[in-house]
Structure formats: structure tokens, C-alpha cells
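The lines below spell out each chain.
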Amino acid sequence: MKSKKFRRILPLCLTAVIAAGVTTVFDHITLKGGLAAYAGMIGDVNGDGVVNASDAAIILQYAAWSGAGNEGSLEYYLAQRGILQPTVEPTQEATQPVTELPTEEMTEAPTDPAEEASDLYAALSAEWAKTGDTSTRKIEHIEVGGNRGNVVLYQEKIYFLPNLSATQIMCYDIASKELTEVPTLEKITSSWNSVYIGPDGHIYVYDSSWGKIYKFDLEGNELGSIECSNSFTVSDTGYLFSMNLLNANPPTYFAPDLTEKAYPDLIIKDSHGLDNKLSLINAIGAYGSKCILRVQDTVTKSYLFYCFDVETETYTKLTDCPLEAGLGNATKHIGKYRIGYFDSRSYVFDMENNTMLAENLPGDFGVTYFGGSANIQSIRNDQLHVFKHVTAIPGESKYDQDTAVEIGTAETSGGFTYSIYLLDDTRYLFVDNAGIFLRTYEKGAEGEELVYRFGQ
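This structure is a prediction, so every number in the text was calculated from the model and none was measured. (Residues numbered from 1 in each chain as written. Predicted model: local features only at pLDDT ≥ 70, side-chain atom pairs only at ≥ 80, totals over all residues. Heavy atoms only, no water.)

For this particular structure, what's the right way to read the pairing of strand β18 (residues 279-287)?
Side-chain positions along a regular strand alternate between the two faces of the sheet. The buried fraction of β18 is high, at 8 of 9 residues. Pairing geometry for β18 and strand β19 (residues 290-296), over 7 bridges, is antiparallel. Of the residues in β19, the one forming a bridge with Ser279 is Gln296. Counting the residues between successive antiparallel strands, the hairpin from β18 to β19 contains 2 residues, one of them, Gly288, with a positive phi of roughly 60 degrees. (Buried < 20%, exposed > 50% of the residue type's maximum accessible area, 1.4 Å probe, protein only. Helix = DSSP H or I, 4+ residues; strand = E, 2+ residues; numbered from the N terminus. Pairing = 2+ DSSP bridges.)

Okay, structure coming up:
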């Protein structure tokens, strides 16, 4: 990604030519070519021994006279008005060259790393403001202490499983401060522990023992189920894509109403002009009606990336996309942007335009970005948990993290019997043996809200 600044140089005007002090005189050439042809030859036109505005005025008058259809040279024009034009040829010593400036020049200013980083965060934060985190996110049981568990913030509501024995998803509405149950797990056995919220606003429960995925709305109403024996991703428009397609025969995906649909064959021409059917390996990201697929050329055994559009059932080869080993780690989706991880570095890919927004970012970029103009470091200490802002600044070959700036702390009363769950660039959940609390980085425990109290 390049951030370019341009400056514009304007054309040289006639008055600047006169001010340059030109001492040449006109010869007997007509001015049919216009004033520009004589821009470097203005001199003592009227023969009064002085080069001044009067000479320029005569030239302008002659141009108007000639432009009105009159025929005749400048000498003829001057003679008709009783002005004697000198006949002495200019000497070399008397001639002063005029340096002509370019009429227009576009100059690229050096790229400012800070501006390039600012452009990256501006794009991400603008999309975050519209969509938030649009990954297919798993809700895991909250634990006090350690770093396990996960909560989901979706449209200003926090969804979580408060403990290992929970049979319902809990929902805390930040605006109304109301806590309610989403009874999707009432009839689910202990093997049903994989619960997700998709960016389409539905809950998906994966039963690994039976290889099924159940779909619920946010009120807990079951909408249907499908046979699926592996991990999956959901687009913001509700299309569900199985991630592992290697052994599927045929490989399929699911419409928002859970109708199963087969991918059309992906066929390209090989070096001999023969049809070559590519093998679909993984679905690694989805946005709108599009899905990014990792495929393999069965002849060369090389891996490629294609974008599949379910509405048109067409494939588009991606040429501006890094080759990921498997599905990659620490992946996050923010609307049209996919933050992926490959070879210890992260990248941001624009799934709407199939272009790279930034690459060679720090490896933890995806898991530490929660909107806004910086990433967040969450540092566990014995007595004090510290939050810091860090920004990714491009260097010569890769992005590096700028100096960390502290944005808040959380007192932990000693030991590690607490957990932290970041929600966005202003709020987080603090969990200890008393319960779950909503806080801001700026105020910490001051003004915290009780989300859920344990033992009640």
C-alpha cells in the first residue's frame, strides 16, 4: 500500500517573462504563431530605449488586431501607428536567455511511514465502525484465571457461557443493561460445546459426535440443521462454507436457508491447451456472496487462490494474495477485510476488490486489533494488568511495532485469579471470583458495570 502526495507546478506567465529583464529586440518575423512563440524574445518593441509594460501592451494590442482578421507583420502594425522599430540586430552580449519552466509537472513526494500506517488504520477503523468483528466466532466457557474462554460482542450485546456446566448462552445488552438467557443448549448433551455466532446474526452449534451443525436465531429458535463433519465459516449474508473440502465428493456449500449446493468444476487450460480440473482444498474466508478458496493444480501440484461468487457461480483467480500454509492462524474478518497470518507475519486482504491492503505486518496484528487507530497489548502481571496502544509502522521490508503507550490498568488483588476479554478499542470484560464486569481502559474499575455474578 502506497500513500502518495503530489505537488503541481504552474505554467510561466507573460509578466514573469517581462520581469526577467530581457533585452532582445524583435526581428521581422510575423507573430502568427501567437504570443507563446515570442515569450523569450520580448524587448524594446516601441524603440523608446526602455523595456517596460508599454512593450507588453503593444504586443497584446497587436495580438488582438491580428486575431480580428487583420493581415500584417508586427513591423507593419508598428509602422501604421508611427512607431519606428529598431533595425539593429541584437548582440550576443545583450541577449539574456530565459529559463523555461515546465508547463505542468507531477512530482511524487517520499512516502511517510507514519502516513502509510495511518492510511491502514483509517481503512480498518472505518470498516470496523460499520461492521465490527465479522469473524465466525466461537463462544467458549469463561474461566477465572488463565487465558482460556471467549466471549462475543455482536451489535452491542455480549454473548457468553458463564461456566463449564452452563446449558444456555447468556446475553448482556450494553445499552439496556439487561441480562437474558438464550436457551439454545437446553436439549444439548455435554458433547455440544462448540457454539458460534456468525456475522449474519445467527447462532451455530456444532455437534462433533454426530457431525451436524444446528442453526438458531438470537432468540434461541432452531432454524434447521445440516450434515457437516468439519469446521466452517459463515459470510455476513448467511452463506455457510465448510473449510475442509479435500475429501468432499462433490465439494459443497450451503445457502442461508441451509440448502446444500455443489461447487461447479474449476477448470483451467494447462501448458498444452488441455483442460485441467483443479482440486478444491480449503474455504478460508467469506464476504457477502464471495468465498476465498485455496485450490491445488493436480498437474503441477502447486497451490493457488480463487474467489468464488455464489451468485454468479464463477471463479476469479487471485493474483494479489499470499499463499497460506493450511488455513493460517490468528485470522480475523472485519467486513470486507480479512486479516490473515502466514510465515510469522500478518496481512490485510480486501475481499471486495481482491487486492492486498497491507502485508508483512506483525504476526499478532489480527488478535490485537479491535478497531480504532492502534492495536492493543494486554499484559498480565501479578499485581497489575496493563493495557497499551501499539501501532504497526512500515520499515524497509516489513511493519514493526511503534513504541507502546499505556492506556489503562486493572488491579488484580495479587495472583492470576482473573481473566481479561477485550471487546473493542474502548471496553473489555474483567472476570474474577465475584463475577463478570464491563470496564473501559480509561477508567478501569471506576464505574464498572456488573454483567454476571457467580453463585447467584
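There is more to say after this.
I keep staring at the sheet that holds strand β21 (residues 314-317) and nothing clicks. Help me out?
Two pairing modes exist for strands in a sheet, parallel and antiparallel, and in both the strands are linked by backbone hydrogen bonds. A sheet is described by the order of its strands in space; here 4 strands give the open sequence β18-β19-β20-β21, paired in antiparallel fashion. Sheet topology places β18 and β21 at the edges, where each strand pairs with a single neighbour. Sheet twist, expressed as the mean angle between neighbouring strand axes with direction ignored, is 30 degrees. (Axes fitted to C-alpha atoms, helices over the stretch in contact; angles between N-to-C directions.)

Can you help me understand the nonpolar core in this one?
One broad rule of soluble globular proteins: the nonpolar side chains tend to lie buried together. Residues Leu120, Leu124, Val348, Leu361, Phe365, Leu422 and Tyr428 are the most contacted members of the largest nonpolar core, which totals 26 residues. Only α4 (113-131), β23 (337-342), β25 (355-362), β31 (419-422) and β32 (427-432) provide two or more residues apiece to this core. With 5 residues, α4 is the largest single contributor of residues to this core. For Val348, the residues in contact, after removing those within four places along its chain, are Leu120, Leu124, Tyr337, Arg338, Ile339, Met356, Leu357, Ala358, Leu361 and Phe365. Counting residues in each nonpolar core, the second largest holds 19 residues, with Tyr263, Ala283, Leu293 and Tyr306 among its members. (Core = buried A, V, L, I, M, F, W, Y, C linked by side-chain atoms within 4.5 Å. Contact = heavy atoms within 4.5 Å.)

Can you walk me through the environment of Cys321 in this structure?
Mapping Cys321 onto the fold places it in the loop between β21 and β22 (332-334). Those residues in contact with Cys321, other than ones at most four positions away along the chain, are Phe305, Phe349 and Met356.

Hey, could you run me through the packing of aromatic side chains in this one?
The description of an aromatic ring pair uses the distance of the two centres, along with the angle that the planes make with each other. Taken as a whole and judged by the stated rule, the model has 18 aromatic pairs. Aromatic side chains Tyr121 and Tyr369 sit 6.1 Å apart centroid to centroid with 40 degrees between the ring planes, which places their arrangement in the tilted category. Of this pair, Tyr121 sits in helix α4 while Tyr369 sits in the loop between α5 (365-368) and β26 (375-379); the two residues are 248 residues apart in sequence, bridging distant segments of the chain. For Tyr121, a relative accessible area of 3% puts it in the buried group. Between the aromatic rings of Phe387 and Tyr428, the centroid separation amounts to 4.6 Å while the plane-to-plane angle is 45 degrees, which identifies the pairing as tilted. Here the residue Phe387 occupies a position in strand β27 (residues 384-390), and Tyr428 occupies one in strand β32, the gap between them amounting to 41 residues. The pair Phe387 / Tyr428 is uniform in exposure class, with both members buried. Each residue in the set Phe241, Tyr253, Tyr263, Tyr306, Phe308 and Tyr315 is aromatic and connected to the rest through ring pairs, giving one cluster. The ring of Tyr303 has Arg294 sitting right over it, with the charged end atom 4.1 Å from the ring centre. The ring of Phe370 is capped by Lys332, whose NZ or CZ atom sits 4.1 Å from the centre of that ring. (Phe/Tyr/Trp six-rings, centres within 6.5 Å; stacked < 30°, edge-to-face > 60°. Lys NZ or Arg CZ within 6 Å of the ring centre and 35° of its normal.)

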